[in-house]
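Structure at a glance
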Amino acid sequence: MTDLPAAELVLVPGGTLLTATPEEGRALAMTLARHTIHNIQPDLDKLMEGRPVYSSDPDSLIAASHVVAVEFQTIAAANDYWRG
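Now for a description of the structure that goes with this document. (Residues numbered from 1 in each chain as written. Predicted model: local features only at pLDDT ≥ 70, side-chain atom pairs only at ≥ 80, totals over all residues. Heavy atoms only, no water.)

**Considering the overall build of the protein**
- A tally of helices and strands in the protein yields three helices and zero strands.
- For the protein, the succession of helices and strands along the chain, N to C, is α-α-α.
- For the C-alpha atoms alone, the extent of the protein along its principal axes is close to 45 × 30 × 15 Å.
- The buried share of the protein, reckoned over its 84 residues, is 20%. (Helix = DSSP H or I, 4+ residues; strand = E, 2+ residues; numbered from the N terminus. Buried < 20%, exposed > 50% of the residue type's maximum accessible area, 1.4 Å probe, protein only.)

**Considering the layout of surface pockets**
- Taken as a whole, the largest pocket spans an internal volume of roughly 560 Å³.
- Together, 18 residues line the largest pocket, and Ala33, Arg34, Ile37, Tyr54 and Ala64 are the ones closest to its centre.
- Per-element accounting of the lining of the largest pocket gives the leading share, six residues, to helix α3 (residues 58–78).
- Among the residues making up the lining of the largest pocket, the classes are represented as 13 nonpolar, three polar and two charged. (1 Å grid on protein atoms, 1.4 Å probe; cavity = no way out; pocket = protein on both sides within 12 Å on 5 of 7 lines; lining within 4 Å. Points joined across faces, edges and corners; volume = space filled by probe spheres on them. Nonpolar A, V, L, I, M, F, W, Y, C, P; charged D, E, K, R; others polar.)

**So, the environment of Ala6**
- Locating Ala6 in the fold gives a position in the segment before α1 (22–40).
- Along the chain, Ala6 and His38 lie 32 residues apart, while their C-alpha atoms are 9.9 Å from each other.

**Focus on the side chain of His35**
- Here His35 is to be found in helix α1.
- The class of His35 is buried, set by a relative accessible area of 4%.
- Among all residues touching His35, those that are not within four sequence positions of it are Ala7, Glu8, Leu9, Val10 and Pro13. (Contact = heavy atoms within 4.5 Å.)

Below, the structure written as structure tokens:
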């Protein structure tokens, strides 16, 4: 078993959902989604074992995109939709 480093198991990197721009918010959404997966499956060997299956399955990719979209929706709300 190869555990992921503790830095990859932080649920909210930097401790905040606040970002300066929507672009930064989208990047944070991708990071949050990745960290969620790492917390669910911290064994890197097991995680990589499944990659050939889910990385080429359209339904898995759509599901992953949905997770990122939900994370981005949460971040956008936290940033009050980047009002200016």
